[in-house]
Amino acid sequence: MFTYIARRLLYSIPVVFVASFLLFWAVRTVFDPLAKLRGGPDPGAIARVTERLGLDRSIPEQYWRWLASFATGDWGVSSRTTGPVLRLILPALGTTLQLIVWGVLLAAVIALAVGVYSAVRQYSAGDLAFTGLSYLGIAMPPFWLGLILIQFLAAWPQELLGLTDPPLYFVGLHSPDGGGPLDYLRHLVLPVLTLTIGLVASWSRFTRATMLEALTSEYVRTARAKGVPRRRIVVRHALRTALGPFVSVTAVDAGLLFGGLVVTEQIFAIQGMGRLFLDSLLAGDVFVLVPWTLVIAVVVIVFNLLADLAYAVLDPRVRLR
């Protein structure tokens, strides 16, 4: 196991280098770091900034210079906020991590329960109902779903009950004064639900398919022929087999979500990685976009590694070499 992890980490190093260079090249080619200075009152400012940032050098030279600073903790200064990039990305990463942890845990529990039920009771009324709801959940775009949840769970209850504040908040993850655990929970429910419904819809269909495949396999038919109780067959044999691919898909999707929550964070005004990317993109802030993409690439690689390890632990037929 240790050798496998070390080998995967070594394989990941050149992947990170290649990905970060391509991202650096793409961002530097598309965006002009001196755009705000062009046409300004000080014509010499462009020359001074060009020399200070090394923008007159080739792209590979600029990349290695930036990578050396990045490795020492100097991630540069944002042209949008004039603050250190590190102080922008780390809080945003922590905020997005909170959304993903709660959303993925909740979605995994519900998706497993729904998927197992649908597979065990295939073509029953409950299975058909969950199938229809899953298709509905997959079809609903996050921006529309978030607005519907705000209207049904926050705006209308506040109006009907005559409350001063809505029962569930829909701006940020904390009140301006900080608040307590209950305040945090009231902020968390709506964005987590927006994230969870889509995940449950897709993961429950995946669980149903893997469970059906396991329930029709030869070892399950043999267990049935030997008189093993149905509950034991489902839980100890079929579910254990289906858990491997499920955890693998869950871990990969969780890694991709770090950079994919743009819509959800924008709707609920949450200062996470998705909103940071969108704000930086609209402002042409290359000094944030480059380290942002590298952080996301590292997170995706780490979660892929965790998915492989979890798959091997849950399915003994998979051997790590």
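Provided above is the structure to which this section pertains.
Just so you know, these numbers come straight off a predicted model, no measurement behind them.

What follows is about the overall build of the protein chain. Check the secondary structure of the protein chain and you find twelve helices and zero strands. For the protein chain, the succession of helices and strands along the chain, N to C, is α-α-α-α-α-α-α-α-α-α-α-α. When contacts within the protein chain are restricted to residue pairs at least 6 apart in sequence, long-range pairs at least 24 apart make up 69% of them. When the accessible surface of the protein chain is split by element, carbon and sulfur atoms take 68% of a total near 17500 Å². In the protein chain, 27 side chains carry a positive charge and 19 a negative one; their mean positions are 14 Å apart.

Here the focus is the environment of Gln-62. Mapped onto the fold, Gln-62 is located in helix α3 (residues 59-71). By relative accessible area, which is 7% here, Gln-62 ends up buried. When the C-alpha positions of Gln-62 and Trp-25 are compared, they lie 9.5 Å apart, and in sequence the two are 37 residues distant.

It is worth spelling out the nonpolar core at this point. By size, the foremost hydrophobic cluster in this structure holds 50 residues, and its most contacted members are Trp-66, Ile-89 and Trp-203. Secondary structure elements with two or more residues in this core: α1 (2-30), α3, α4 (86-120), α6 (142-161), α7 (181-215), α9 (230-257), α11 (273-283) and α12 (286-314). Top contributing element to this core by residue count: α12, with ten residues. Excluding residues that lie within four positions of it along the chain, Ile-89 makes contacts with Trp-75, Met-273, Leu-276, Val-288, Pro-291, Trp-292 and Val-295. Formed by ten residues, the second largest nonpolar core is a distinct cluster that contains Leu-212, Leu-215, Val-234 and Ala-242.

Checked against the element boundaries, Ile-150 lands in helix α6. Ile-150 sits 132 residues away from Val-18 along the chain, and the two C-alpha atoms are 42 Å apart. Contacts of Ile-150, omitting those with residues within four sequence positions, involve Ala-155, Phe-170, Leu-190, Ile-267 and Phe-268.

Right, let's get into the packing of aromatic side chains. Considering all chains together, one arrives at 13 aromatic pairs under this definition. A ring pair is formed by Phe-21 and Tyr-63, whose centres lie 5.3 Å apart and whose planes are at 85°; its orientation type is edge-to-face. One end of the pair, Phe-21, is in helix α1; the other, Tyr-63, is in helix α3, with 42 residues separating them in the sequence. Residue classification places Phe-21 among the partly exposed positions, given a relative accessible area of 27%. Between Phe-277 and Trp-292, the ring centres sit 4.6 Å apart and the planes meet at 35°, which makes this aromatic pair tilted. Separated by 15 residues along the polypeptide, Phe-277 in helix α11 and Trp-292 in helix α12 bring together distant segments of the chain. Here a set of aromatic residues connected by ring pairs shows up, and it is made of Phe-17, Phe-21, Phe-24, Tyr-63, Trp-64, Trp-66, Phe-70 and Trp-75.

Moving on, we come to a nonpolar patch on the surface. A cluster of nonpolar residues, Phe-152, Leu-153, Trp-156, Leu-160, Leu-161 and Leu-163, forms a patch on the protein surface that exposes about 630 Å² of accessible area. The topology assignment puts Leu-163 in the loop between α6 and α7.

Attention now goes to the pattern of salt bridges. Proximity of charged atoms lets side chains of opposite charge pair with each other. With the rule as written, the count across this model stands at two salt bridges. Between Asp-127 and Arg-208 there is a salt bridge, with its nearest N and O atoms 3.0 Å apart. Taken together, the residues Asp-127 in helix α5 (residues 125-139) and Arg-208 in helix α7 connect sequence positions 81 residues apart. Across this residue pair, the class does not change: Asp-127 and Arg-208 are buried. The partner of Asp-279 in a salt bridge is Arg-275, and the shortest N-O contact between them spans 3.9 Å. One end of the pair, Asp-279, and the other, Arg-275, are both in helix α11, four residues apart, so they sit about a helical turn from each other. The class for Asp-279 is partly exposed, based on a relative accessible area of 22%. When its relative accessible area of 18% is taken as the criterion, Arg-275 is described as buried.

With that out of the way, let us pick up the side chain of Thr-196. By the element assignment, Thr-196 lies in helix α7. Here the side chain of Thr-196 touches Val-192 through a polar contact of 2.6 Å, landing on its backbone oxygen. What Thr-196 contacts, discounting residues up to four positions off in sequence, is Gly-103, Leu-106 and Ala-107.

The next subject is α1. Three- or four-residue spacings in an α-helix give side chains the same orientation, since the helix completes a turn every 3.6 residues. If you check α1, its first and last C-alpha atoms are 41 Å apart, about what 29 residues at 1.5 Å a residue would give, namely 42 Å. Those residues of α1 that sit buried are Tyr-4, Ser-12, Ser-20, Phe-24, Val-27 and Arg-28. Buried residues along α1 sit in contact with α3 and α12.

Attention shifts here to the environment of Trp-102. Mapped onto the elements, Trp-102 comes out in helix α4. Judged by relative accessible area, which is 44%, Trp-102 ranks as partly exposed. In this structure Trp-102 touches Tyr-184, Leu-188 and Val-192, once residues within four positions along its chain are discounted.

Rules used in this analysis
Residues numbered from 1 in each chain as written. Predicted model: local features only at pLDDT ≥ 70, side-chain atom pairs only at ≥ 80, totals over all residues. Heavy atoms only, no water. Helix = DSSP H or I, 4+ residues; strand = E, 2+ residues; numbered from the N terminus. Contact = heavy atoms within 4.5 Å. Areas by Shrake-Rupley, 256 points an atom, 1.4 Å probe, with all protein chains shown as cover. Lys, Arg positive; Asp, Glu negative; His and termini not counted. Charge placed at Lys NZ, Arg CZ, Asp CG, Glu CD. Buried < 20%, exposed > 50% of the residue type's maximum accessible area, 1.4 Å probe, protein only. Core = buried A, V, L, I, M, F, W, Y, C linked by side-chain atoms within 4.5 Å. Phe/Tyr/Trp six-rings, centres within 6.5 Å; stacked < 30°, edge-to-face > 60°. Patch = residues over 30% accessible without salt bridge, like charges linked within 9 Å, V, L, I, M, F, W, Y side chains within 5 Å. Salt bridge = Lys/Arg side-chain N within 4 Å of Asp/Glu carboxyl O. Polar contact = N/O pair within 3.5 Å; in protein donor to acceptor, adjacent residues only side chain to side chain. Expected span 1.5 Å × (residues − 1).

By themselves, these observations are geometric and do not establish any function.
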